[in-house]
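Residues per chain, in single letters:
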Amino acid sequence: MSLLRVESLRTFLASPAGDVRAVDDVSFDVASGETFALLGESGCGKSMTALSLMRLLPDAGTIVGGRVLLEKRDLLALSEAEMRAVRGRGMAMIFQEPATSLNPVLTVGIQIGEVLARHTALRGAAARQRAVELLEAVGIPDAARRLDEFPFQFSGGMKQRVMIAMALAGDPALLIADEPTTALDVTIQAQVLELLGALQRSRGMGMLLITHDLGIVAQLAHRVGVMYAGELVEVAAREDFFAAPKHPYSQKLFAALPVPERRGGALETIPGSVPPLSRQFAGCRFAERCAQAWSRCREEPPAWHEASSGHAARCHLYDRASGTRHREAGRQRSAPEVVSSTGLAQEPGAYLLEVRDLQVHFPIRRGVFRRTVAQVRAVDGVSLGLASGRTLALVGESGCGKTTAGKAILQLTKPTAGSVRYRGEELTALPAARLRALRGELQIVFQDPYASLDPRMRVGDIIEEGMAALGTAAAAAERECRTAELLERVGLSADMRGRYPHEFSGGQRQRIAIARALAVAPRLLVCDEPTSALDVSVQAQILNLLKELQASLGLAYLFITHNIAVVEHLAQTVAVMYLGRIVERGSVEEVLGAPQHPYTQALLSAVPRPDAAGRREVIVLSGDMPSPARPPAGCHFHPRCPRAMPQCAARYPDETQLSATHGVRCFLHG
Amino acid sequence: MMPIVLWTDALVFLLLAATAGAGLYIRRHEYLLASWRRVGESRAGMAALVVLLAFVAVGLLDSLHYRPRLADANGRPANGYGTEVRSVLDALLQPLRAATEKTYSAPLATHLYARETVELPDGTQARVFPRLKHGGAHLGDAEAEWGGDVAWRILRGLFFAVLAGLTFLLGAVHLAARHWAVGRSQAWRRMRRGETRFAWNAALLTAGLLLLLAGPAISLAGGYHVFGTDKVGQDVLYLTLKSIRTGLVIGTVTTLAMLPFAVALGIAAGYLGGWVDDVIQYLYTTLNSIPGVLLIAAAVLMVQVAIDTHPDWFATAAQRADARLLALCLILGVTSWTGLCRLLRAETLKLRELEYVQAAQAFGASAARIMGRHILPNVMHIVLIAVVMDFSGLVLAEAVLSYIGIGVDPSTISFGTMINTARLELAREPVVWWSLVAAFTFMFVLVLAANLFSDAVRDAFDPRLTGRRIAHSAQGQTA
Amino acid sequence: MLAYVIRRLFYAIPILIGVNLLTFTLFFVVNTPDDMARMQLGVKRVTPEAIEKWKAERGYDKPLLYNENAAGAARLTDTIFFEKSAKLFVFDFGRADDGRDIGHEIKTRMGPSLAIAVPTFLLGLFVTVSFALLLAFFRATNLDFWGVVLCVAMMSISSLFYIIGGQYLVSKVWHLVPISGYAGGLDAARFLLLPVLISVVAGIGSSTRWYRTIFLEEIGKDYVRTARAKGLSEAAVLFRHVLRNAMIPILTGVVVVIPLLFMGSLLVESFFGIPGLGSYTIDAINAQDFAVVRAMVFIGSVLYIVGLLLTDLSYTLVDPRVRLQ
């Protein structure tokens, strides 16, 4: 019997461009004790589905039709007061951003106590006792004391645990988790996923898990529903789904993932972007991006077709009457094309960029006279080398100092100490004029495609800016010509020059940002998480582009990222950073294939793998990364290290060379 | 006659030119145009704009000054120019300006509001309400003919108003039809039903209402004092219309005076940081720490002393009064730039960390270039919102300051001076209410229009609020 | 925490020096004492002797910054700057042009000023916050819409109108309270009722609208959605969650004016004949009594700086993030 039954749910959002069909005819079931994952890229309507179930839509949203049955009660027919009794009790919800989802001025105890007071008979000491139990259940140490603390005193992962404790307080039958780990680092994500899985199993709750990450689905879900453009397009059991996704969109999602098997080759991409949901659709919503579409797909919305028992897709391909023929034809057409890779075998000659003991410290000032009492050691002795035409990935979790290191290398942040040599010239000691002349060769692509383009400038002006500032192309006509060329080069068209950034999607903006950097003919490109804000299918486009540019222009990339899959796909050498220092470095094969540092091992094991055997052994690290203002004595990692030894607390280990390229800073290898 | 350009006139026309220039700039920049189109969609905003434009028209007419040629005893032009400075508005309102009575008279009255001792033809003396010299002077038997005459004038005014309104409307419909390439009836239907993006219906309705008020008023003003007369017999309607320019000048020139400082210092403090930031912060904290009224009082007193001790600086009384008005604007500007400066500093601090600014830094672009190309355009919406929101506050402040005695020169006609001179009239028996009511009503309409317009501008330019606006309309549909 | 307060106090010193220099420049450099004397005496009676006499009576006959004729420290102290500006730092305000001691006047007039300002402040805060909460509770309904329209209309009305209109209606037409005047003790209530009421009403429009915006901004935040997801009623969400967070910007905006309450409200005091600091200031402005204006400028900025300090302290009261870090 199903715990939750959603039938033909339709939710519209009012917008200036007309009604947006955010959720359009979505139906699914969640049984008790089952985890149902709603999978989809941003804007596909999965969060709106969840908020519709809770009837917590933003003011612009309206549920237009459908039924939501929780334990056979139609939630959409309840009065608002009756619905309030369901929220927190019948179903509870945890949100994506733990940092903003907790009330900053109320203690954790009060916020949990509210749920107990609302939904249980517990009061006073009994309620407090229950709250302590809940915090302990979600793995918060010293729960009795922490109950009286405020959310800001908890780290991100701990906040999400508090959110989970709050959601569990009403003992809900169904837990809705909306991207519960997206805002967290991968080692913290592993902790929270483990917790969610364990809680769901032990309490026999139903869980609706909303995520964009195939790896998380593989790890937690029993059944999967794939959403695209407001519709559910495929529903399957986890094993079936990972064994053989049926809908062309699902297939493309898998093909776009950077995985080791596709190293060196181009990734599959989905052409175009999600259509605006404010328009009317005649046929299948995916038709215009689908390689297997034929005329019927554009004319007639597909019905649900069951491919195998419990595995259904909303696609004409599985219509027994006509689909088979097209399926065969389509398969042939969509055979993966592998672009031969170049420049990989190149031997590292003289380094283009050589960094020695780079330090960036920010002072902490306190007291009456604002004296410097301590230093935030954001980057604390980083050394690395990068040859031209090669890619070095700088990997680490948020707060490890990788972005600061990138900016310090480009002299955008002033290094405290250390040396940065570019083609033999010491950048840190260069006179301003000479540094300016070199700026063209050292460029950067940023993380957030929405913040990296000036919204008040036309695309053409944005790309020309560097040429004008550095005087590389003096004549306006020359600049214009070059801009057109660059736009074509990054896969846009030259006539987009006169448009403004807001008219472009995230992936297109990132292409513009790349074109801007390319405009001044750089030799080294620092890529600061250039794909972390993008959906998987768009990420594949950008990765392909970067790869292709490297092959044809001989660019060197310093690729800053937290995404191990991207590293595997793009880089030749890797440096793993923890709390301002590089703990392990070497070639991709060495570091990712046979990691030697316990942190690298934990980091790699924490990445959820998108395959049917999703539940593997994960080295779950305890605790959080310490603050770089107060790094632990000795090896920075030792308080969290599962293999720590007494000497680890005494001093920081020196680097041990394991091979010509592979080095690690750990006493296990000393 | 000899044209005279007072300091404030020059600034007003400079402002006009700047507005025109900004208009041209906006036309060429799609993202600005889009925001202004959103302003145009606001019904309240466009109704307010029509009212504001009417006020501005009066203000501009009153900003074209000249000194009339002296006339000899026979009224023939003589050599030399008078010391009296007049404006085009004065010339247009000459009948009102010249039609002074002895003292108070009620709106549309035919008799004075105070008794006077007159000598009757039979030689005896009596205390009567004497007939006015101008108000209703064309009537023979005032009591009998007054009602009919007033009604007739109102009707005549309404007739011309309707006539003018229809002509205007036809023109608008004709132009709109050509613009949209549809038939005229189609265009009219769209405008009427509010199916256009620009809030034509609100704008046209407001314009119509203004005409319906103005028509009868003009018609009546030909024979009466529509708003009565004040203590020294001046026509209150004339005084009210003259007050508009003062209000507008205070509201706009002040902003113009402070804007360059606020923008330059705010952005420099936020972007450059370091000692520049320290100095600018110190500057505005110091200025801010002095209560505004007191700083204005101190400065105005000093200006007053300077003007009084140097009577030779000014050729005419109007120029002296204008110097004081300008000084007031500058002083208000000095006291009011700190808020905007702080706002811009905070915003610049945020923008400075944005990636597109860092991208420009990675090109080695200079600080000046980044502030000019990247920061300034991205804070202009804050500047605009501050400018339109400040306007109404300044108009209100003028009245209070003039009342306290640290506002405009007592000879300058303004809402504040009107209220100040009329403040004790409510304590009189019988009550004289019309001066106060006229001044307060006009000021209220001006400030309300400015507030509504600034709300429309803020909604259109502040992206944080747009979501809420959409939410509002959506709720309205479901409710 | 203590270090923070001490640092803020240190920071106040250069600001006060700046204010002092500014007023000194305004009052003595832009226009010389001779100019002031000429204006005070009127054009007709201006003779060099009269000017000298006027200046000597008020201590303006000394050099501005440096006295060559004096000896020792007096070279610096026997100057206008020291006598008239530097002494403000020890709250020695000297005498007004009419010869009365300014410090004494300020002490006696502080009471009536506070008697009108404190009730206005408290009542105003209560009324506007409640009204704004009401609008926020009924947001996006007709009540909210017309409430906002009313606020915009009310803030478009000149404060002079509220005062003049209120006096006319309540005192003259209805004869409920005296038009103006003041008395000590309990009797004061009779005189204070109307000015307090008018001040509160005059402030409703803009404050309510501002607070409503703050409330709406808070209502749009994620933690409110969390609170609703718990099943809490809209009232509980508004009072327990939104109000507490909204109090942070509201309090900090409001606390800065608390010390300035001592200064009284210029208009209301002058209209209602209340012998407070506000009317004192206005009288001084009208009489062009520079000594009083100078003293009030200085006191005003001292109070403003105290207000800034209180604002910072109030942050620590309402925001645990500031208190505990």
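Since this is a predicted model, take the numbers as computed values, not measurements. (Residues numbered from 1 in each chain as written. Chains lettered and ligands numbered in written order. Predicted model: local features only at pLDDT ≥ 70, side-chain atom pairs only at ≥ 80, totals over all residues. Heavy atoms only, no water.)

### Considering the overall build of chain A
Within chain A one finds 22 helices and 24 strands. Reported as C-alpha extents along the three principal axes, the dimensions of chain A are approximately 75 × 65 × 45 Å. Taken over 670 residues, chain A has a buried fraction of 58%. Summarising the internal contacts of chain A: among those between residues at least 6 apart in sequence, 66% fall at separations of at least 24. As displayed, chain A has an accessible area near 25300 Å², and 50% of this comes from carbon and sulfur atoms. Taken together, the 75 basic and 70 acidic charged side chains of chain A have centroids lying 3 Å from each other. (Helix = DSSP H or I, 4+ residues; strand = E, 2+ residues; numbered from the N terminus. Buried < 20%, exposed > 50% of the residue type's maximum accessible area, 1.4 Å probe, protein only. Contact = heavy atoms within 4.5 Å. Areas by Shrake-Rupley, 256 points an atom, 1.4 Å probe, with all protein chains shown as cover. Lys, Arg positive; Asp, Glu negative; His and termini not counted. Charge placed at Lys NZ, Arg CZ, Asp CG, Glu CD.)

### Structural notes on unusual backbone geometry
For A521 of chain A, which is not a glycine, the phi torsion comes out positive at approximately 55°. The residue A521 of chain A is located in the loop between α18 (506–518) and β19 (524–528) in this model. On the accessibility criterion, A521 of chain A (49% relative accessible area) is partly exposed. Phi is positive for L108 of chain B, close to 60°, though the residue is something other than glycine.

### Section: the environment of L351 of chain B
Residues and elements named next belong to chain B. Along the chain, L351 turns up in helix α12 (residues 317–352). Distance from L351 to A48, taken between C-alpha atoms, is 33 Å for residues 303 residues apart in sequence. Contact partners of L351, with chain neighbours within four places excluded, come to Y356, V357, I375, N378 and V379.

### A short note on the domain arrangement of chain C
Residue and element names in this part refer to chain C. Per the domain assignment, the segments of chain C are domain 1 (2–90) and domain 2 (108–318). With both sides pooled, the region where domain 1 packs onto domain 2 buries about 1600 Å², and carbon together with sulfur makes up 76% of that total. At the surface where domain 1 touches domain 2, the tally comes to zero salt bridges. In this assembly, domain 1 and domain 2 are joined by zero residue pairs in polar contact (both at pLDDT 80 or more). Mapped onto the side of domain 1 that touches domain 2, the elements with two or more residues apiece are α1 (2–30) and α2 (33–41). Considering every element that reaches the side of domain 1 that touches domain 2, the biggest residue donor is α1, with 12 residues. A class-by-class count of the residues in the side of domain 1 that touches domain 2 yields 14 nonpolar, three polar and two charged. (Domains from an automatic or database assignment. Buried area = accessible area lost by both parts, 1.4 Å probe. Salt bridge = Lys/Arg side-chain N within 4 Å of Asp/Glu carboxyl O. Polar contact = N/O pair within 3.5 Å; in protein donor to acceptor, adjacent residues only side chain to side chain. Nonpolar A, V, L, I, M, F, W, Y, C, P; charged D, E, K, R; others polar.)

### Some thoughts on the sheet that holds strand β1 (residues 2–13) of chain A
All names here are of chain A. An order of β2-β1-β4-β5 is seen for the four strands of this open sheet, with the pairing classed as antiparallel. Looking at which strands have only one partner, the edges of the open sheet turn out to be β2 (20–31) and β5 (73–74). The sheet contact formed by β1 and β2 spans nine bridges and is antiparallel. Residue R5 lies in a different strand from β2, and its bridge partner there is D29. Lying over the sheet, helix α1 (residues 46–54) contacts β1, β2 and β4 (61–70), oriented at roughly 110° with respect to β1. (Pairing = 2+ DSSP bridges. Axes fitted to C-alpha atoms, helices over the stretch in contact; angles between N-to-C directions.)

### Considering the pattern of salt bridges
A pair can form between side chains of opposite charge whenever their charged atoms are brought close. Within the structure shown, the criterion is met by 63 salt bridges over all chains. Three or more residues are tied together by salt bridges with common partners; here these are R10, R21, D24, D25, E231, R285 and R314 of chain A.

### Things to note about the interface of chain A and chain B
Taken together, the 33 residues of chain A in the interface contact 26 residues of chain B. With both chains or domains summed, chain A and chain B bury close to 2600 Å², and 59% of this area falls on carbon and sulfur atoms. Our enumeration of links across chain A and chain B arrives at 11 residue pairs in polar contact (both at pLDDT 80 or more). For the side of chain A that touches chain B, the secondary structure elements donating two or more residues are β18 (442–445) and α16 (459–470) of chain A. By residue number, the principal contributor to the side of chain A that touches chain B is α16 of chain A, which donates six residues. Of the residues that constitute the side of chain A that touches chain B, the class distribution is 16 nonpolar, six polar and 11 charged.

### Some thoughts on a positive patch on the surface
A cluster of basic residues, R365, R366, R370 and R630 of chain A, forms a positive patch on the protein surface. Looking at the secondary structure, you find R366 of chain A in strand β13 (residues 353–366). (Patch = residues over 30% accessible without salt bridge, like charges linked within 9 Å, V, L, I, M, F, W, Y side chains within 5 Å.)

### Some thoughts on the packing of helix α9 (residues 236–272) of chain B against α12 of chain B
All names here are of chain B. In contact at an axis separation of 5 Å, α9 and α12 are set at 35° when each is read in the N-to-C sense. Seen along the crossing, α9 lies across α12 with a hand that is right-handed. In terms of residue class, the contact of α9 with α12 is built from 24 nonpolar, seven polar and four charged. (Left-handed = near helix turned anticlockwise from the far one by under 90°.)

### Observations concerning the pairing of strand β21 (residues 573–578) of chain A
Residues and elements named next belong to chain A. Across the six residues that make up β21, a large majority, five, are buried. In terms of strand pairing, strand β15 (residues 391–395) meets β21 through four bridges, oriented parallel. Counted as the bridge partner of L392 is T573 from β21. Hairpin connection from β21 to strand β22 (residues 581–587): two residues lie between these consecutive antiparallel strands, with L579 at a positive phi of about 50°.

### Quick look at the nonpolar core
Counting 177 residues, the largest nonpolar core has I404 and I419 of chain B together with I102 and L160 of chain C as its most contacted members. In terms of residues, this core owes the most to one element, helix α14 (residues 367–404) of chain B, which gives 18 residues. Mapping this core onto the domain boundaries places at least three of its residues in each of domain 1 (2–90) and domain 2 (108–318) of chain C. A92, A131, I216 and V490 of chain A belong to the second-largest nonpolar core, a separate cluster that totals 149 residues. (Core = buried A, V, L, I, M, F, W, Y, C linked by side-chain atoms within 4.5 Å.)

### A closer look at the interface of chain B and chain C
The interface of chain B with chain C comprises 49 residues on the first partner and 49 residues on the second. Here chain B meets chain C over a buried area of about 4300 Å², counting both sides, of which 74% is carbon and sulfur. A salt bridge links D455 of chain B to R209 of chain C, with the shortest nitrogen-to-oxygen separation between them at 2.8 Å. At the surface where chain B touches chain C, the tally comes to seven residue pairs in polar contact (both at pLDDT 80 or more). Counting only elements with at least two residues in the side of chain B that touches chain C, the list comes to α10 (274–289), α11 (292–309), α14, α16 (434–461) and α17 (463–478) of chain B. Ranked by the residues each element gives to the side of chain B that touches chain C, the list is headed by α11 of chain B, at 13 residues. For the side of chain B that touches chain C, the class distribution of residues is 31 nonpolar, 10 polar and eight charged.

### A look at the side chain of R245 of chain B
Tracing the sequence through the fold places R245 of chain B in helix α9. On the accessibility criterion, R245 of chain B (9% relative accessible area) is buried.

### Examining the environment of S398 of chain A
All names here are of chain A. Turning to its location among the elements, S398 is positioned in the loop between β15 and α14 (402–409). The class of S398 is partly exposed, set by a relative accessible area of 45%. Along the backbone, S398 and Y578 are 180 residues apart, and their C-alpha atoms lie at a distance of 9.5 Å. When residues no more than four places from it in sequence are discounted, the contact partners of S398 are D185 and M625. Polar side-chain contacts of S398 include one of 2.6 Å to the side chain of D185.

### Points about helix α22 (residues 598–606) of chain A
Residues and elements named next belong to chain A. The element α22 is largely enclosed, with a buried count of eight among its nine residues. Along α22, the residues that are buried comprise P598, Y599, T600, A602, L603, L604, S605 and A606. In this fold, the buried residues of α22 make contact with α8 (186–203), β15, α20 (564–570), β21, β22 and α21 (588–593).

### A word on a nonpolar patch on the surface
Together, F369 of chain A together with L2, I6, F10, I13, I17, L21, F89 and V90 of chain C give the surface a local cluster of nonpolar side chains, amounting to about 890 Å² of exposed area. Topologically, F10 of chain C is positioned in helix α1. Assessed through its relative accessible area of 46%, F10 of chain C is described here as partly exposed.

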